[in-house]
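Inside the fold
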Amino acid sequence: MRSWVERAQTAEAEQRARVARAQTAERARIAREMHDVLAHRISLVTMHSGVLSYRHDLPEEERRAAIAAIDGNARAALTDLREVLGVLRADEEGTSLRPQSTLVHLPELLDEARAGGTRVIVDADLDVADLPESTSRTAYRVVQEGLTNARKHAPGAGVEVRLTGAPGAGLDISVTNPRSVQTAHAEVPGTGTGLLGLSERVDLAGGRIEHGWTPEGRHRLAVWLPWPT
């Protein structure tokens, strides 16, 4: 009887430990998704509101465009937040939810960045439709994080996005930008965990990540992701 009681207690303890690990993993997953979908939107809102705060000489047309951008991105942030919470919540009713963005949605991301005043040059020597969905999803997050960081820390600087690769060789992604060519009037708030979360995502995908300043004075975010044949 003592042996059975000890086994039952051990099984209960192991179950509690499994539940605790699952809860911790889920909290980390929620934090990553929240950062990914909201940092991009909020950085655009902050940039446009900063322009309105410090540029009192803006023509009426540009002022209206900035207000429209703030309103549009704030609404989009709320929509993204609801969708993330919906994806993370148990889908008990079996309702269909919009899939997460992949490189197929890259043109939309670039249009948003350009509309926010970021000059973006893209060199994509591959057919993104051929990529596995999980790889494409991670690659999209890499580009999104690179654009968000450039907008935060190098306002006004041009950004170069390069995507190359092939099945069996892997996918190479780089996002580079020079130092800021202007002084940011309003600091874009950040958690400081964007690259940490991205590093974890890339590691889970079996890839490699590097980031930092090059000898030429450009900040470079470089990621390699496996691309099976």
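Right above here is the structure, for reference.
Below: a short report on this structure. This structure is a prediction, so every number in the text was calculated from the model and none was measured.

Thresholds, definitions, all that
Residues numbered from 1 in each chain as written. Predicted model: local features only at pLDDT ≥ 70, side-chain atom pairs only at ≥ 80, totals over all residues. Heavy atoms only, no water. Phe/Tyr/Trp six-rings, centres within 6.5 Å; stacked < 30°, edge-to-face > 60°. Lys NZ or Arg CZ within 6 Å of the ring centre and 35° of its normal. Helix = DSSP H or I, 4+ residues; strand = E, 2+ residues; numbered from the N terminus. Buried < 20%, exposed > 50% of the residue type's maximum accessible area, 1.4 Å probe, protein only. Pairing = 2+ DSSP bridges. Salt bridge = Lys/Arg side-chain N within 4 Å of Asp/Glu carboxyl O.

**Re the packing of aromatic side chains**
To describe a pair of aromatic rings, you give the distance between the ring centres and the angle between the ring planes. Counted according to the given criterion, the structure contains 0 aromatic pairs. Above the ring of W213, the side-chain terminus of R179 is found at 4.0 Å from the ring centroid. When the ring centre of W224 is taken as origin, the NZ or CZ atom of R208, which lies over that ring, is 4.4 Å away.

**Considerations on the environment of G194**
Tracing the sequence through the fold places G194 in helix α5 (residues 194-204). On the accessibility criterion, G194 (9% relative accessible area) is buried. Taking the C-alpha atoms as reference points, G194 and G146, separated by 48 residues in sequence, lie 9.7 Å from one another.

**Quick look at the pairing of strand β3 (residues 170-178)**
Moving residue by residue along a regular strand, the side chains alternate between the two faces of the sheet. Taking burial as the measure, the 9 residues of β3 include 7 buried ones, the bulk of the element. Of the pairings in the sheet, the one linking strand β2 (residues 159-166) to β3 comprises 7 bridges and is antiparallel in character. What sits directly across from G165, in β3, is L171. Hairpin remark: β2 followed by β3, antiparallel, with 3 residues in the connecting loop; positive phi at G168, about 95°. Bridging between β3 and strand β5 (residues 218-225) involves 8 bridges; their strand directions are antiparallel. In the strand pairing of β5, N177 is matched with H219.

**Focus on the pattern of salt bridges**
Scanning the entire structure with this criterion turns up 5 salt bridges. The salt bridge partner of R64 is E60, with a shortest N-O separation of 3.1 Å. Linking R64 with E60, this pair stays in helix α2 (residues 60-88), spanning 4 residues, or about one helical turn. A residue is classified by how much of its surface remains accessible, and R64, at 55% relative accessible area, is exposed. Taking relative accessible area as the criterion, E60 reaches 38% and is therefore assigned partly exposed. The shortest N-O distance in the salt bridge between D123 and R162 comes to 3.3 Å. Residue D123 is located in strand β1 (residues 120-125), and its partner R162 is located in strand β2; the two are separated by 39 residues in the primary sequence. A residue is classified by how much of its surface remains accessible, and R162, at 44% relative accessible area, is partly exposed.

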